[in-house]
Structure formats: C-alpha cells, structure tokens
Amino acid sequence: MKKISLLLLLGALSLTSTPAAAQKTFLFGDPDTYIIALRDSYDENTFNVYDGKLLISGKPMGYIRTTRKYTNFILSLQWRWVDHASDGGIYMFLDDNNVVWPKGLQMQMAPDGLGSLMGTVAMEGVAPEKNFYRKPIISSSTHEKAVGKWNKTEIRCKDGHITVHINGHKVNEAVTPARSGYIGFQSEGGPMEMRNIIVRPYYTD
C-alpha cells in the first residue's frame, strides 16, 4: 500500500475543472490524495497519467482508491480498452481495509461481464455464493464500443439504489444496504485508459 501525492501522480486530470466545479469533485484533482493497494510489490507504472488520462497497466493486480468517502453520488467517466479487451473494474463503497481484493461493490469491466455488479455488498434479490454477490446486466446488450474506442459509463448511487449506464443505455440496476465508501479503479490483467473522471452529488430534483 502506498499513499500517492496528487501533485506528483495525478495533477494533470485537474485540468478538466470548470467554473461549475464548486458543485462537483474532479477525481484525481487537487487537493485529494490517493491510496494504491497492489497484490505484489509496488510498481510505479501500474497507475500513471499522461495527457489528462489515467493509464492503468493491468499489472500487478490491485487498485487505486480515493481517501475520501462518497455518499449519494453520480460517477461519470470515459474509458477504453488498449490493445485488447481485458479485465478491469470500477469500485464503489470500498471499506477501510486496503487489501487485494477489497470489500465493496464493483462494476465489472471485463468483456464477458461488462456492466455486471459484484462484490461483498448484498444486493436485493441476489443469492450470495460464499458471501459474494453477482448481478448480471439487465439489458440485452452491454453497448460497448470496439477496442480503442472511448466508452462512457455513468453510475448513480442514491440511498442504496444503484443504476449503471454504458454509452447512454441502462445496463444494470440494484438495491443495496450500502450508503457510503471509497471510489476506486482496478488493475487486473490488461491495459486500460480513463479520462474525464467526475463525481458529483446526486440530487433528486
């Protein structure tokens, strides 16, 4: 586990700020710091930034997470697979134990499970397997674009009600007891790029 100074690692993504930023938090933007947890020895190349993009090498396995917890939020980002479709994930409601793999809820980004929800957080109507929950997508398609093309994902979390949209299409929905936790991004097996990572409060009106 290693605490990362934003100014050293991820300052470039703060360039996406706008005058409306007072109502939004631009992830990987000042003044937050981030924690990286890796299964193997620390590798400074696992997570990096270039030209405003978060680059994830996929090796070694692990994740990067915020140091602040989020409650009732909308997370949006653009992402793409690099070279080939590979595994990855977006974490929500992570707890304080910085272990690989963490406890929380993940939106799967592997090509054979894109948009599915899984993790140690219970979901209504989903029977656990050894205290692990999996909910496949509810749409007939995952709506992802080809390797190298940018996809947009939006995850809305409001009082335990979660919806997942990929490229403007709702692909999954769940109700959980989770209310607050860290947000994170997974390194697992292959390279990915992310940009325009924004979290903002979820308002009902």
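A brief structural summary.

1. Focus on the layout of surface pockets
The calculated volume of the largest pocket comes to roughly 260 Å³. For the largest pocket, the lining is made up of 15 residues, of which Tyr91, Trp101, Pro102, Gln106 and Phe132 are closest to its centre. Among the secondary structure elements, those contributing two or more residues to the lining of the largest pocket are strand 10 (105-108) and strand 11 (117-119). For the lining of the largest pocket, the per-class residue count stands at six nonpolar, seven polar and two charged.

2. Concerning the pairing of strand 9 (residues 89-94)
Among the six residues of strand 9, six are classified as buried, and the element is accordingly described as predominantly covered. Alignment of strand 9 against strand 10, held across four bridges, turns out to be antiparallel. By the bridge assignment, tyrosine 91 is partnered in strand 10 with glutamine 106. The pairing of strand 9 with strand 16 (residues 180-187) spans three bridges and is classified as antiparallel. Within strand 16, the residue paired with tyrosine 91 across the bridge is glycine 184.

3. Looking at the packing of aromatic side chains
In this structure the tally under the stated criterion is four aromatic pairs. Geometrically, the ring pair formed by tyrosine 70 and phenylalanine 73 is edge-to-face, given 6.3 Å between the ring centres and 65° between the ring planes. Centroid distance phenylalanine 73 to phenylalanine 93: 6.2 Å. Interplanar angle 55°. Geometry classified as tilted. Here phenylalanine 73 is found in strand 8 (residues 73-81), whereas its partner phenylalanine 93 is found in strand 9, with 20 residues between them in sequence. For phenylalanine 73, a relative accessible area of 2% translates into the label buried. Taken together, the ring pairs connect Tyr70, Phe73 and Phe93 into an aromatic cluster. Seen from the ring of tyrosine 182, arginine 65 lies directly overhead, with NZ or CZ sitting 3.7 Å from the centre.

Definitions and cut-offs
Residues numbered from 1 in each chain as written. Predicted model: local features only at pLDDT ≥ 70, side-chain atom pairs only at ≥ 80, totals over all residues. Heavy atoms only, no water. 1 Å grid on protein atoms, 1.4 Å probe; cavity = no way out; pocket = protein on both sides within 12 Å on 5 of 7 lines; lining within 4 Å. Points joined across faces, edges and corners; volume = space filled by probe spheres on them. Helix = DSSP H or I, 4+ residues; strand = E, 2+ residues; numbered from the N terminus. Nonpolar A, V, L, I, M, F, W, Y, C, P; charged D, E, K, R; others polar. Buried < 20%, exposed > 50% of the residue type's maximum accessible area, 1.4 Å probe, protein only. Pairing = 2+ DSSP bridges. Phe/Tyr/Trp six-rings, centres within 6.5 Å; stacked < 30°, edge-to-face > 60°. Lys NZ or Arg CZ within 6 Å of the ring centre and 35° of its normal.

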